[in-house]
Amino acid sequence: MNDKKGFTTTILHSDRLLKPEFGALHQPIHTAVTWGFEDVQGLVNVFQNKAKGYAYSRQGNPTVTALEHKVTQMEDGMATVAFSTGMAAISATLLALLKAGDHIIASSYLFGNTRSVMQTYMDMGLAITFVDATSVEEIKNAYQENTKMVFVETIANPATQVAALGPIGDFCEEKAIIYMVDNTMTSPYIFRPVTVKASLVINSLTKYIGGHADALGGSVTDTGLYNWVNFPNIADVLREQIRPEMLGITQIRKRGLRDSGGTLAPEAAHTISVGSETIALRLNRACSNAMALAEFLEAHPLVSKVYYPGLTSHPQHELAGSLFNGYGGLMSFALNDGVDCFAFLNRLKLVIKSSNLGDTRTLAIPVAHTIFFELGAERRAEMGIPDSMVRLSVGIEDQEDILQDFKQALEHSS
Ligand SMILES: *Cc1c(COP(=O)(O)O)cnc(C)c1O
């Protein structure tokens, strides 16, 4: 398509326009691990990056390529590499681009597993400063001569802080450092990090993009804004072969994907791809359900605090409103002291006690006892996570049914 279409139209027709066999509307699932060549020069050309093609499925497969293309379109980016999970995308991208002695600045409100992989890389010689990413001043103060990257999430989990996305983008541009944004919580339907000058965008495809909790996947998208030519960690062999704008994403594919082996299976790519077609419908509904539930909970006498960017009481409410096309499906809340959090959760009949997010169903989890348990009480207190905090991933059920479930569970809680 030369003329640009809307978000959903583009995703729906993306596979078809790549012209798969027999006019298929979806890219078929290609299960081949390897491809044969009539002429050996064809095989050599693929190996030497002189021709497009597939040699071995660990670093490329037509079904996965079609999903990568779709994610690139969703993010309005230049190129995407898909991975087996969101964590594989994050850990392999850092592995591909950074070296011992490099410094990165990361948000102190990171997703727990991302925080964990950062700790592993620190043990291997990467220097990392964790700062409150709602303040660009803190990012600026942490900057050093060897800083190569800033890593933030759009909306933090579970307390929903919104990073100072725009000013951080300006700062990274000024310093010519990589700006890596994990867009999982917002998804490209709600927010495109390219609009705040992100260099690389991470998505856990497991969450809103796949949308149905039936396949794991992850991706990194190069927005095309970063100038990789002056980035010192690009391998010389790539500089000789690859167009300058493709240097970063190629190194992520070659070093990150190929060497880590965190490959997305074609079956999962297909499932995620089909799921992604309805992301706008699902998120519009989840956002409106989440807003109604946040308002209900905020007004409830047994609830001490609600964390949701859509509420005017949220510290970054206006920022979120100016950047996002909706406030998302994720929220947290805390019950009053003395209210038994587990008993309350067990009284929920419709809402599922589960750790995932971005599903079509509404899910609830007690934060301090599960996803942030390993951090310990002290770090939780620093991060502002009370023991009674419950995180919700609001789904697309009929709104009245969700509200009714919370109403009845709270009625018996006092
Ligand atoms: C879930 C999640 C990830 C990791 O994704 P997986 O697909 O579960 O590996 C990374 N970042 C954020 C913000 C997430 O919510």
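Residues numbered from 1 in each chain as written. Predicted model: local features only at pLDDT ≥ 70, side-chain atom pairs only at ≥ 80, totals over all residues. Heavy atoms only, no water.

Here we take up the pattern of salt bridges. Within the structure shown, the criterion is met by 12 salt bridges. Lys-70 is paired through a salt bridge with Glu-277; the nearest N and O atoms lie 3.9 Å apart. Note that Lys-70 is positioned in helix α3 (residues 62-75) and Glu-277 in the loop between α12 (266-276) and α13 (279-299), a separation of 207 residues in sequence. Glu-277 matches Lys-70 in its accessibility class, with the two residues each being buried. Two residues, Glu-245 and Arg-243, come together in a salt bridge whose shortest N-O distance is 2.5 Å. According to the relative accessible area criterion, Glu-245 is partly exposed, its value standing at 36%. Each of Asp-15, Lys-70 and Glu-277 takes part in a single network of salt bridges with overlapping partners. (Salt bridge = Lys/Arg side-chain N within 4 Å of Asp/Glu carboxyl O. Helix = DSSP H or I, 4+ residues; strand = E, 2+ residues; numbered from the N terminus. Buried < 20%, exposed > 50% of the residue type's maximum accessible area, 1.4 Å probe, protein only.)

Our focus in this paragraph is the UniProt feature "modified residue: N6-(pyridoxal phosphate)lysine" (unreviewed entry) in the protein chain. Annotation from UniProt places "modified residue: N6-(pyridoxal phosphate)lysine" (unreviewed entry) at Lys-207. Within the secondary structure, Lys-207 is located in helix α9 (residues 205-209). When neighbours within four sequence positions are excluded, Lys-207 is seen to be in contact with Thr-184, Asn-356, Leu-357 and Gly-358. (UniProt positions renumbered as here; feature names shortened; annotations may be inferred. Contact = heavy atoms within 4.5 Å.)

What the largest pocket holds in volume is close to 1200 Å³. Lining the largest pocket are 31 residues, with Asn-49, Lys-52, Gly-53, Met-246 and Arg-253 positioned closest to its centre. Those elements that place two or more of their residues in the lining of the largest pocket are α2 (40-47), α3, β1 (79-83) and α11 (247-260). For the lining of the largest pocket, the class distribution of residues is 13 nonpolar, 11 polar and 7 charged. Taken as a whole, the second largest pocket encloses approximately 670 Å³ of empty space. Taken together, 31 residues line the second largest pocket, and the ones lying closest to its centre are Met-87, Phe-111, Gly-112, Asn-113 and Thr-114. (1 Å grid on protein atoms, 1.4 Å probe; cavity = no way out; pocket = protein on both sides within 12 Å on 5 of 7 lines; lining within 4 Å. Points joined across faces, edges and corners; volume = space filled by probe spheres on them. Nonpolar A, V, L, I, M, F, W, Y, C, P; charged D, E, K, R; others polar.)

A few words now on the sheet that holds strand β4 (residues 147-153). Strand order in the open sheet formed by 7 strands is β1-β7-β6-β5-β4-β2-β3, with mixed pairing between adjacent strands. Whereas interior strands pair on both sides, the edge strands pair on one side only; in this sheet they are β1 and β3 (127-131). On average, adjacent strands in this sheet sit at an angle of 20° to one another, irrespective of strand direction. Direction of pairing for strand β2 (residues 103-107) relative to β4: parallel, over a ladder of 4 bridges. Counterpart to Ile-105 in the pairing with β4 is Val-150. (Pairing = 2+ DSSP bridges. Axes fitted to C-alpha atoms, helices over the stretch in contact; angles between N-to-C directions.)

The subject of this paragraph is the environment of Asp-123. One can find Asp-123 in helix α5 (residues 112-123). C-alpha separation for the pair Asp-123 and Asn-183, spaced 60 residues apart in sequence, amounts to 26 Å.

Moving on, we come to a nonpolar patch on the surface. Side chains of Phe-37, Val-40, Leu-43 and Phe-47 sit close together on the surface and give an oily, nonpolar patch of about 380 Å² of accessible area. Along the polypeptide, Val-40 turns up in helix α2. Looking at Val-40, the relative accessible area reads 58%, which means it is exposed. (Patch = residues over 30% accessible without salt bridge, like charges linked within 9 Å, V, L, I, M, F, W, Y side chains within 5 Å. Areas by Shrake-Rupley, 256 points an atom, 1.4 Å probe, with all protein chains shown as cover.)

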